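In case you want the letters, here they are:
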Amino acid sequence: MAVEDAPPLDDKAKRMRDLLSSFYSPDLSSSSSSTMAANAAAAVAKQNSLESINSPSFDPDQYMKLLIHKSNLEGLLQRHVEMAAEIKNLDTDLQMLVYENYNKFISATETIKRMKNNIVGMEVNMEQLLDKIVSVQSKSDVVNTSLFEKREHIEKLHRTRNLLRKVQFIYDLPTRLGKCIKSEAYVDAVKFYTGAMPIFKVYGDSSFQDCKRASEEAMGTIIKNLQAKLMSDSEHIEARTEAVQLLKQLDFPVDSLRTRLLEKLQHFVGDLQLEATVGQTTEVDTEQPIKVGKATVQEFAEAVRAYRVIFPESEEQLTQLARELFSRHSKTIEYRLKKKVTPSDILKMLRVIWMDITVMDEVLPEAALPLYSLEVARDVTRRYVRCAFSHLLQDVSEALMRVHAKPKVGIEEDCLQVALDGSKRVVIQGSMDVLLGFRQLLDDNLEILVKLRDSIVDWVQDGFQQFFKSLDDYFLRISGGSIPTTEDQDSVDATKGEKVLAGLVLVLAQLAVFIEQSAIPRITEEIAASFSGGGVRDNENGPAFVPGEICRTFRAAGEKFLHLYINMKTQKISVLLRKRFTTPNWIKHKEPREVHMFVDLLLQELEAIRNEVKQILPRGHARKHRRSDSNGSTASSRSNPIREDKNVRSNAQRARSQLLETHLAKLFKQKMEIFTKVEYTQESVVSTMVKLCLKSFQEFVRLQSFNRSGFQQIQLDIQFLRTPLKEIAEDEAAIDFLLDEVTVAAAERCLDSTPLEPAILDRLIQAKLTRGRDQNNNNSMPSA
């Protein structure tokens, strides 16, 4: 309603209101009028309705009609109170706007006053300045007018002087070029000639024809000299680089020179490798492990730097050359690794590679040589680890091959014991030395080795696993009948075709036991202490070093070699037995006069076996299995009736009836356990071979037919063997049992099994013993 009663505003009032509105509108969002902001937000919310009083299209009559229609008297009174409060708030906000900007009006007024005071004397100063500028300009015009003619003349003379100097330079150019050729000042010569080229292009065919021709002849000589300098090996690489740059300035085609220079670099690399190859024929020098040193590679780096300066787009070819250099570096080290190389030597080799890589990386960073060197170092280190185990395997082989060494004249040497002790020492001490060398690689702070530590741990663990596997394969090969030759790259040196000794098999058996019980635990402890970790190896392949698997392998190998040794010796004795029983005619055998010499040969063979076993195997428990110790029968399973009733068996029918009784008694007697598990002791091995020999004896007897004399010869031989065999073997009960079995088997195959009288038997045995003692005494007497 107040709005309706307000008089209409004139143009001046409207203009002032608009100016105030535009001036104060930016401050509507300030913090000084929070109430206005809240009211404005409320007004915006109401603009969308028809009742909005602040809308430009507000209709008071329509508003009143709607308000009266929708509201009662109480609502109208409430709306009246609200509108009055809004009007009051608007008046208050307007007063606050005026008060807040009062200082701005005061500041603007003071500024205008100061401007008026400062402008008062400025017009006089500006007039004085204008007068001075006009005076200076007039004097400058007078000076320019007076000096114009002289300046034009001076500039003309200067241009003439420059032209004369150029003409004089052109005429003097051939002489200058000649002097440059004599003093080899090719840089100045090229600079003079290129400076004269624009004049020659314009006036070379007319005014300066002779000068141009003489200059071109001189430049031809210079180009030839530059080419010769570029291709000369005696020239320093910087001089050669300068020659190529000068040729490029002369527009000489350098593509052919680029190819020839690249060939020079290739020959450079070849010469480096040639020096390394010459050095390979000598022993490993610990002071300088590789002939290709830093100085030589430094020269190559300078050559590469110069080549890059001459031909900027040559990174690919230079990268290939640099990698070829380090590949040959690796091949040189690989050749050295074929011999025994100490850890300090391999460290020096790797340091040389790393220094050379550092030098080349400064010159050719695009080649990524540090990454390439890491691969080279990885390959070199892996080969070193493999070669170390290969040399260790060779050392074990050399120690084992001492079995074949013949002792010096006058010196008794136990070859088997020497071979066993040496091989044990090599396996333990050699493994510790190898681990110590690998530890030096891990402890070194060389950058490429630090990056390879986990890989080295895996290589060492896998190397020991493969070493023992190769060692087991080598044991199997040399025990199979012949020794491997040097033709196999992974095998060790030995004499081709030489038959394996049975003693070597026994050494292998005991060495396998030593590896299982002593070497593997010691090496496992050292690996766990210094070479644990790794992790580079693929998890699907399992752990690199498995001690349990190695122990099982050598446990089985030891048992196999022990039985193989027993079989080899028993086969040799079987050959002796076969010859003994196949040579005579047992049906026509003569009456025995003495113990057969076959017995001496058998005892000599058993004594040789006993001596071999004493060198290798330890003694067992000092226990003899005598007849009273056995739970079974102390006699033969056939209970030889010949000794029980010697006088009543006068014919074959009586012997057959007694033989039938033995078969019946056999059913009621407990059998004796003859063959037991073979142990790694002297007594066990010797007893087992004696038992096997007697069993073979029995089988050969069963294949023959004897007359009485033949049977008595067998009886005499068996009776003589009884005492020495009991001394050799530890199981006396089993020996008695098997000897009785041989006698019974001979009796079964005899038509007339009448034994010798005890007195005759004792006399023949005593005679044999007497001859044996005499022979020993004669052999022990010193020669005259």
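These numbers were taken from a predicted model, which means no experiment stands behind them. Note that residues are indexed from 1 along each chain, following the sequence as it is written. Per-residue local features are limited, in this predicted model, to residues with pLDDT of at least 70; the limit for side-chain atom pairs, both in listing and counting, is 80 or more; totals at the level of whole chains, interfaces and linings are taken over all residues. To get the side-chain values, all heavy atoms of the structure are used, and hydrogens and water are removed first.

S.K.: Before we go on, may I ask you to explain the overall build of the protein in this structure?
M.R.: Tallying secondary structure elements over the protein gives 27 helices and zero strands in all. For every residue, the accessible area obtained with a 1.4 Å probe (protein chains only) is divided by the maximum for its type, and the residue is called buried under 20%, exposed over 50%, and partly exposed between those limits. Burial statistics for the protein: of 784 residues in total, 39% are counted as buried. By definition in these notes, contact holds between two residues if any of their heavy atoms fall within 4.5 Å. Of all intrachain contacts in the protein linking residues separated by at least 6 positions in sequence, the fraction that spans at least 24 positions is 79%. When the accessible surface of the protein is summed, it comes to about 46800 Å², and 53% of that surface belongs to carbon and sulfur atoms. For the purposes of this entry, the term helix denotes a DSSP run of H or I that reaches at least four residues, the term strand denotes a run of E that reaches at least two, and both are numbered from the N terminus. Using a 1.4 Å probe, accessible areas were evaluated by the Shrake-Rupley method; residue-level cover was limited to the displayed protein chains.

S.K.: What exactly am I supposed to notice about the packing of helix 14 (residues 343–363) against helix 15 (residues 369–400) here?
M.R.: In helix packing, the relevant descriptors are the interaxial angle and the interaxial distance, both defined with respect to the helix axes. Lines are fitted to the C-alpha atoms to define the axes, a helix being fitted only along its stretch in contact, and any angle between axes, read from their N-to-C directions, falls within 0 to 180 degrees. Across the interface, helix 14 lies against helix 15 with an axial gap of 10 Å and an inter-helix angle of 165 degrees. By the angle class used here, helix 14 and helix 15 are roughly antiparallel. Handedness of the helix 14/helix 15 crossing: right-handed. Contacts between helix 14 and helix 15 involve Pro343, Ile346, Leu350, Ile353, Trp354, Ile357, Met360 and Asp361 on the former and, on the latter, Leu369, Pro370, Ser373, Val376, Ala377, Val380, Thr381 and Tyr384. When the residues that make up the contact of helix 14 with helix 15 are grouped by side-chain class, the tally is 13 nonpolar, two polar and one charged. If an angle is under 35 degrees, it is roughly parallel; if it is over 145, roughly antiparallel; if it lies from 65 to 115, roughly perpendicular; otherwise it is oblique. Here a crossing is called left-handed whenever its near helix is offset anticlockwise from the far helix by less than a right angle, and right-handed whenever the offset is clockwise. Classification used: nonpolar for Ala, Val, Leu, Ile, Met, Phe, Trp, Tyr, Cys and Pro, charged for Asp, Glu, Lys and Arg, polar for all others including Gly.

S.K.: Please clarify how the pattern of salt bridges should be interpreted in this entry.
M.R.: Where charged atoms of side chains with opposite charge meet at close range, the side chains can pair. A side-chain nitrogen of Lys or Arg and a carboxyl oxygen of Asp or Glu constitute a salt bridge if their distance falls within 4 Å. Applying the stated criterion to the full structure yields 16 salt bridges. Its salt-bridge partner being arginine 439, residue aspartate 443 comes within 3.2 Å of it at the nearest N-O pair. With aspartate 443 and arginine 439 both in helix 16 (residues 415–443), this residue pair falls four residues apart, about one helical turn. Taking the relative accessible area as the measure of exposure, aspartate 443 reaches 48% and is therefore partly exposed. A salt bridge links glutamate 683 to arginine 619; the shortest N-O distance between them is 3.4 Å. Remark: arginine 619 occurs in the loop between helix 21 (597–616) and helix 22 (641–644) and glutamate 683 occurs in helix 24 (residues 682–702); sequence separation between them is 64 residues.

S.K.: Just to check I follow, could you spell out the confidence of the model for the protein for this structure?
M.R.: Reading predicted coordinates in detail is not appropriate for stretches of low pLDDT. Residue-level pLDDT values for the protein average 74, and 73% of them are 70 or greater. Each residue carries a pLDDT score, the predictor's own confidence in it, on a scale running from 0 to 100. In this model residues 1–7 is a low-confidence stretch, pLDDT under 50, and it forms two contacts with partners more than four residues away in sequence or in other chains. Throughout residues 481–498 the model reports pLDDT below 50, and contacts reaching past four residues in sequence, or to other chains, amount to 35 contacts.

S.K.: Please clarify how the packing of helix 20 (residues 547–582) against helix 24 should be interpreted in this entry.
M.R.: Running from amino to carboxyl end, helix 20 crosses helix 24 at an angle of 35 degrees, the nearest separation of the two axes being 9 Å. Helix-helix and strand crossings are classified by hand; for helix 20 and helix 24 the assignment is right-handed. Two secondary-structure elements touch here, helix 20 through Leu562, Tyr565, Ile566, Lys569, Thr570, Ile573, Ser574, Leu577, Arg578 and Phe581 and helix 24 through Val685, Thr688, Met689, Leu692, Cys693, Ser696, Phe697, Phe700 and Val701. In terms of residue class, the contact of helix 20 with helix 24 is made up of 13 nonpolar, four polar and two charged.

S.K.: Got a minute to help me understand the packing of aromatic side chains in this structure?
M.R.: Aromatic ring pairs are defined here through the distance separating the ring centres and the angle between the ring planes. When two rings of Phe, Tyr or Trp (its six-membered ring) have centres within 6.5 Å they constitute a pair, described as stacked for plane angles under 30 degrees, edge-to-face for angles over 60, and tilted for the intermediate range. Taken as a whole and assessed by the stated rule, the structure comprises 16 aromatic pairs. With a centroid separation of 6.0 Å and 90 degrees between ring planes, the pair formed by phenylalanine 468 and phenylalanine 554 is classed as edge-to-face. Of this pair, phenylalanine 468 sits in helix 18 (residues 453–478) while phenylalanine 554 sits in helix 20, and the two are 86 residues apart along the sequence. Ring centres of phenylalanine 475 and phenylalanine 554 lie 6.3 Å apart, and the angle between their planes is 85 degrees; this geometry places the pair in the edge-to-face category. Residue phenylalanine 475 is found in helix 18, and its partner phenylalanine 554 is found in helix 20; the two are separated by 79 residues along the sequence. Within the aromatic cluster, the residues linked to one another by ring pairs are Tyr384, Phe389, Phe438, Phe464, Phe467, Phe468, Tyr474, Phe475, Phe545, Phe554 and Phe561. Looking at arginine 176, its charged tip hangs above the ring of phenylalanine 192, at a distance of 5.6 Å from the centre. Criterion for a charge above a ring: Lys NZ or Arg CZ within 6 Å of the ring centre, and within 35 degrees of the ring normal.

S.K.: Explain the environment of leucine 435 to me, please; I cannot follow it from the model alone.
M.R.: Here leucine 435 shows up in helix 16. We classify leucine 435 as buried; its relative accessible area is 5%. As for leucine 435 and valine 385, which are separated by 50 residues in sequence, their C-alpha atoms are 10.0 Å apart. Apart from residues lying up to four places away in sequence, leucine 435 is in contact with Val460, Phe464, Glu526, Ile527 and Phe531.

S.K.: Help me out: how do you make sense of a nonpolar patch on the surface in this one?
M.R.: Think of a patch as exposed residues, more than 30% relative accessible area, with no salt bridge, where like charges cluster within 9 Å and nonpolar side chains (Val, Leu, Ile, Met, Phe, Trp, Tyr) cluster within 5 Å. The grouping of Leu94, Met96, Val98 and Tyr99 at the surface amounts to a nonpolar patch, some 430 Å² of accessible area in total. In this structure, valine 98 sits in helix 5 (residues 73–100). On the basis of relative accessible area, valine 98 is assigned to the partly exposed category, the value being 42%.

S.K.: Mind showing me how you'd approach the nonpolar core here?
M.R.: A general tendency of soluble globular proteins is for nonpolar side chains to be buried together. Residue types Ala, Val, Leu, Ile, Met, Phe, Trp, Tyr and Cys, when buried and joined through side-chain atoms within 4.5 Å, form a set referred to as a nonpolar core. In terms of nonpolar packing, the biggest core is built from 143 residues, with Leu400, Phe438, Phe468, Phe475, Ile515 and Tyr565 touching the most fellow members. Among residues more than four places away in sequence, those in contact with phenylalanine 475 are Leu400, Leu508, Leu511, Ile515, Phe554 and Phe561. By size, the runner-up hydrophobic cluster in this structure holds 22 residues, among which are Ile170, Tyr186, Ala189 and Ile223.

S.K.: Please clarify how helix 21 should be interpreted in this entry.
M.R.: In an α-helix, one turn spans 3.6 residues, which is why side chains three or four residues apart end up on the same side. Across its 20 residues, helix 21 extends 29 Å between first and last C-alpha, which sits within 8% of the 28 Å expected from 1.5 Å per residue. Within the span of helix 21, buried status applies to Phe598, Val599, Leu602, Leu603, Glu605, Leu606, Ile609, Glu612, Val613, Gln615 and Ile616. Helix span, expected: 1.5 Å multiplied by one less than the number of residues in the helix.

S.K.: Is there a simple way to think about the side chain of glutamine 465 in this case?
M.R.: Mapped onto the elements of the fold, glutamine 465 is located in helix 18. Excluding anything up to four places from it in sequence, glutamine 465 contacts Ala544, Phe545, Val546, Glu549 and Ile550.

S.K.: I would appreciate a short explanation of helix 25 (residues 708–728) in the present structure.
M.R.: The end-to-end C-alpha distance of helix 25 is 30 Å, a good match for the 30 Å that 21 residues give at a rise of 1.5 Å each. Maximal helix bending in helix 25 amounts to about 35 degrees, located at arginine 722; proline proline 724 follows within four positions. Within helix 25, 16 of the 21 residues are buried, which leaves the element mostly enclosed by the surrounding structure. Given a residue, its bend is the angle between the two axes fitted to the seven residues that end at it and to the seven that start from it.

S.K.: When you look at the side chain of serine 215 in this model, what are you seeing that I'm missing?
M.R.: Residue placement: serine 215 occurs in helix 9 (residues 209–231). Given a relative accessible area of 0%, serine 215 falls into the buried group. For serine 215, the contacting residues outside a window of four places in its chain are Leu173, Pro174, Leu177, Tyr193 and Phe200.

S.K.: For this particular structure, what's the right way to read the environment of phenylalanine 598?
M.R.: Among the structural elements, phenylalanine 598 can be located in helix 21. Given a relative accessible area of 3%, phenylalanine 598 falls into the buried group. Along the chain, phenylalanine 598 and lysine 579 lie 19 residues apart, while their C-alpha atoms are 9.4 Å from each other. Phenylalanine 598 has contacts with Leu576, Leu577, Arg580 and Phe697, leaving out every residue within four places of it along the chain.

S.K.: Just checking my understanding: could you explain the environment of valine 507 for this structure?
M.R.: Along the chain, valine 507 turns up in helix 19 (residues 502–530). On the basis of relative accessible area, valine 507 is assigned to the buried category, the value being 0%. Sequence separation between valine 507 and alanine 419 is 88 residues; the distance between their C-alpha atoms is 7.5 Å. Among all residues touching valine 507, those that are not within four sequence positions of it are Leu400, Val403, Leu416, Leu420 and Ile616.

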